[in-house]
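Descriptive structure summary
Each chain, written out:
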Amino acid sequence: MPGGRLTQQERQQIALGLADGLAYAEIARRLDRPTSTITREVMRNGGPTAYRADLAHRATERRAHRRRQPAPRDPKTPPQAHGRDAEAVREYEETFTTVLMASGVPKMMARVLACLTLTDTGSLTASELAQHLQVSPASISKAVAFLESQSLVRRERDERRRERYIVDDDIWYQSMVASARSTAHLVEIARQGVGTLGPGTPAGVRLENIARFLDFVSESITRAAEQARDVLYTKPGTASDAAARPSSDR
């Protein structure tokens, strides 16, 4: 299996494969490369719908040039924790941001969410976010407002009374539940439409099918989210302690 960086010809083959609707694994097989290499290459360079071989190749050359000629460290910039490679972390943050954008999160909101997710603390202030992303405080405020509306970020005040924006395990549960509630509301509206348009009409049948499908999905998401939180985020000993605790009616 070949190693090293992708060539320009390989990137052209990736672009052709994406245009033909091939899966990453099939493109990787044809190039005799790991699937992870193809996935990382595509997501780092615009995602499957925006990938361009020439642009991806130039971007890789620019990154390689930056590695060969590293900029002097800003004395205000703390070193990477846990011995991490700063360039590798930066590139991964770009990849994570691109994946969020591909899932429908707007660009600035995706950048803020990625930044928060990839910090060890899981929380940053507005000024820390603005400094890291090199954007205005107004851009941060707008992005956080959107993320809050999707239950993807929550706010807390620290000991210095500064507002901190937080992403933790429970945020993803809350976001899933909020999404399910929104879908349930759409189910209710669709069924209102059935009554208005007539249950036997083509439009009424279509709305009823939409309502039945989304109702099933909404209930499944809520049930899965609750089960996942119980299984994944229950602290060790909690379940066994509860089972060992005597019942009050004994």
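A brief look at the structure comes next. (Residues numbered from 1 in each chain as written. Predicted model: local features only at pLDDT ≥ 70, side-chain atom pairs only at ≥ 80, totals over all residues. Heavy atoms only, no water.)

1. Observations concerning the nonpolar core
With 22 residues, the main nonpolar core has V112, L116, L129, I140, L147, V153 and Y165 as its most contacted residues. When residues in this core are grouped by element, the largest group, 7 residues, is from helix α6 (residues 107-117). In terms of nonpolar packing, the next biggest core, distinct from the first, is built from 11 residues, I14, L18, I27 and M43 among them. (Core = buried A, V, L, I, M, F, W, Y, C linked by side-chain atoms within 4.5 Å. Buried < 20%, exposed > 50% of the residue type's maximum accessible area, 1.4 Å probe, protein only. Helix = DSSP H or I, 4+ residues; strand = E, 2+ residues; numbered from the N terminus.)

2. What to know about a nonpolar patch on the surface
A cluster of nonpolar side chains, namely V231, L232 and Y233, defines an oily patch on the protein surface of about 340 Å² accessible area. Tracing the sequence through the fold places Y233 in helix α10 (residues 202-233). (Patch = residues over 30% accessible without salt bridge, like charges linked within 9 Å, V, L, I, M, F, W, Y side chains within 5 Å. Areas by Shrake-Rupley, 256 points an atom, 1.4 Å probe, with all protein chains shown as cover. Salt bridge = Lys/Arg side-chain N within 4 Å of Asp/Glu carboxyl O.)

3. A word on the pairing of strand β3 (residues 163-166)
Bridge count for strand β1 (residues 123-125) against β3 is 3 bridges, and the pairing is antiparallel. When the sheet's bridge partners are listed, S123 is paired in β3 with I166. Here 4 bridges tie strand β2 (residues 154-157) to β3, and the two strands are oriented antiparallel to one another. Residue pairing in the sheet places R157 in a bridge with E163 of β3. Where β2 folds back on β3, the antiparallel hairpin that results is connected by 5 residues, among which R161 adopts a positive phi of roughly 65 degrees. (Pairing = 2+ DSSP bridges.)

4. Section: the pattern of salt bridges
When their charged atoms lie close together, side chains carrying opposite charge are able to pair. A complete count under the given rule lists 19 salt bridges for this structure. With its nearest N and O atoms 2.2 Å apart, the salt bridge here joins E94 to R90. Remark: R90 and E94 occur in helix α5 (residues 86-102); sequence separation between them is 4 residues, near one turn of the helix. In this structure E94 comes out as partly exposed when scored by relative accessible area, which is 29%. Two residues, E156 and R154, come together in a salt bridge whose shortest N-O distance is 2.5 Å.

5. Considerations on helix α1 (residues 8-19)
For α1, spanning 12 residues, the distance from its first C-alpha to its last is 17 Å, which sits close to the expected 16 Å at 1.5 Å a residue. Of the residues trailing α1, G21 is marked for its positive phi of about 80 degrees. (Expected span 1.5 Å × (residues − 1).)

6. A few points about the environment of D54
Relative to the elements of secondary structure, D54 occurs in helix α4 (residues 53-68). Residues D54 and Q9, 45 residues apart in the sequence, show an inter-C-alpha distance of 9.7 Å.

7. As for the packing of aromatic side chains
On inspection of all chains with the given rule, the structure shows 1 aromatic pair. Ring plane angle 35 degrees and centroid distance 6.1 Å describe the contact between Y92 and F96, whose orientation is recorded as tilted. Here Y92 and its partner F96 are both found in helix α5, 4 residues apart, which amounts to about one turn of the helix. Overall, Y92 belongs to the partly exposed group, its relative accessible area being 45%. (Phe/Tyr/Trp six-rings, centres within 6.5 Å; stacked < 30°, edge-to-face > 60°.)

8. So, the packing of α1 against helix α3 (residues 35-44)
Two elements in contact, α1 and α3, have axes separated by 12 Å at closest approach and are oriented at 80 degrees. Judged on the interaxial angle alone, α3 and α1 are roughly perpendicular. On the side of α1, the interface is formed by R11, I14 and L18, while α3 contributes I38, E41 and V42. Across the contact of α1 with α3, the residue classes break down as 4 nonpolar, no polar and 2 charged. (Axes fitted to C-alpha atoms, helices over the stretch in contact; angles between N-to-C directions. Parallel < 35°, antiparallel > 145°, perpendicular 65-115°, else oblique. Contact = heavy atoms within 4.5 Å. Nonpolar A, V, L, I, M, F, W, Y, C, P; charged D, E, K, R; others polar.)

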